[in-house]
Amino acid sequence: MTLLSVDWDAFSGPRELVFDAPIWGTPDRPADRLDAWQGRARRRGGESWAALDADFPLYAGWQALRRYAGVPTFVTLSHADAWGWLRQFPGSDVLNVDSHHDLTSFSGDPARLRPGNWAGLGLAAGLIRHYVCLYPWWHAELPVAEGHDLQRTWGEFGSRLPPELHGRVTLRRQTDPDDGWPAAHEVKALLLVQSPAWTNPAHDAALTETAQALAAQPLNPPLERSWVHGFGMMEP
């Protein structure tokens, strides 16, 4: 059986040639999770999250997560929280459906657990036996995305990964929204990750709906991001 990790940015992503999209690279600070998204909406002339609809869609496939009803499910804010989940099932194979490989970070202390290196550190620590990053199908149309060219992506980070881990890592991309998902009886546990620095706030409700349908236990509760007006007024 495998552990299934699903980053919400596998569904909540940009269209091609959206040059302020966080998929290009972003920090993960509180301002990146809310203020930066409000700035993107305002640059598009909007005063609500609806201004993001054209450039930051919710791609198909997320509804199918309901197939895992009955599988022990957890939900959390960031993949930096993933070790609390991994430690419950040490030495398991992990399938991570994600817009990023999460095997190594390109800045900062490489030994510090972060969203961008949790999987690589998990492999090195023996918490993960074999790791598969399954990029979403829509990366095929997005040249900047990691999953667009897997050979290029491996070339960008492979030398940063200890050679003894290379044989325990697989990168692949879905051919369609239903490709690559394991059957429910093959999944030991599921982790849903919001990754709010990378995901459109307009899609928070769909994540919440999915987590509730799966009776997910919160490790670190996701954000419900509302549009913030002047004078403290807020609306969805």
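The rules we used
Residues numbered from 1 in each chain as written. Predicted model: local features only at pLDDT ≥ 70, side-chain atom pairs only at ≥ 80, totals over all residues. Heavy atoms only, no water. Pairing = 2+ DSSP bridges. Helix = DSSP H or I, 4+ residues; strand = E, 2+ residues; numbered from the N terminus. Axes fitted to C-alpha atoms, helices over the stretch in contact; angles between N-to-C directions. Contact = heavy atoms within 4.5 Å. Phe/Tyr/Trp six-rings, centres within 6.5 Å; stacked < 30°, edge-to-face > 60°. Buried < 20%, exposed > 50% of the residue type's maximum accessible area, 1.4 Å probe, protein only.

Enquirer: Which parts of the structure should I look at to understand the sheet that holds strand β7 (residues 217–220)?
Expert: The strands making up a sheet associate through backbone hydrogen bonding, with each pair oriented either parallel or antiparallel. Read across the open sheet, the seven strands follow the order β5-β4-β3-β1-β6-β2-β7; overall the sheet is parallel. One side of each edge strand has no neighbouring strand; the edge strands of this open sheet are β5 (169–173) and β7. Across the sheet, the mean angle from the axis of one strand to that of its neighbour is 20°, orientation sign disregarded. Bridge count for strand β2 (residues 73–76) against β7 is three bridges, and the pairing is parallel. Across the sheet, residue threonine 76 finds its bridge partner in β7, namely asparagine 220. Across the sheet, helix α5 (residues 150–157) lies against β4 (128–135) and β5, angled at about 145° from β5, the strand it touches most.

Enquirer: How should the packing of aromatic side chains be read in this particular structure?
Expert: In this description, an aromatic ring pair is defined by two values, namely the gap between the centres and the angle between the planes. For the structure shown, the criterion picks out eleven aromatic pairs. The interplanar angle of 50° and the centroid separation of 5.6 Å between the aromatic rings of phenylalanine 19 and tryptophan 24 together place this pair among those described as tilted. Of the residues examined, phenylalanine 19 reaches a relative accessible area of 61% and is grouped as exposed. By relative accessible area, tryptophan 24 is classed as partly exposed at 44%. Centre to centre, the rings of tryptophan 118 and tyrosine 131 are 6.1 Å apart; their planes meet at 85°, and the pair counts as edge-to-face. Here tryptophan 118 is found in helix α4 (residues 118–124), whereas its partner tyrosine 131 is found in strand β4, with 13 residues between them in sequence.

Enquirer: What's the story with the pairing of strand β6 (residues 187–193) in this structure? I'm lost.
Expert: Moving residue by residue along a regular strand, the side chains alternate between the two faces of the sheet. Judged by how many residues are buried, β6 sits mostly within the fold: six of seven residues are covered. In this sheet, β6 lies alongside strand β1 (residues 2–7) in parallel orientation, the contact comprising six bridges. By the bridge assignment for β6, aspartate 7 is matched with valine 193. Two strands pair when backbone bridges link them, and β2 and β6 are joined in this way by four bridges, in the parallel orientation. Within the sheet, the bridge partner assigned to valine 75 lies in β6 and is leucine 192.

So far we have only geometry, and geometry alone does not tell us how the molecule works.
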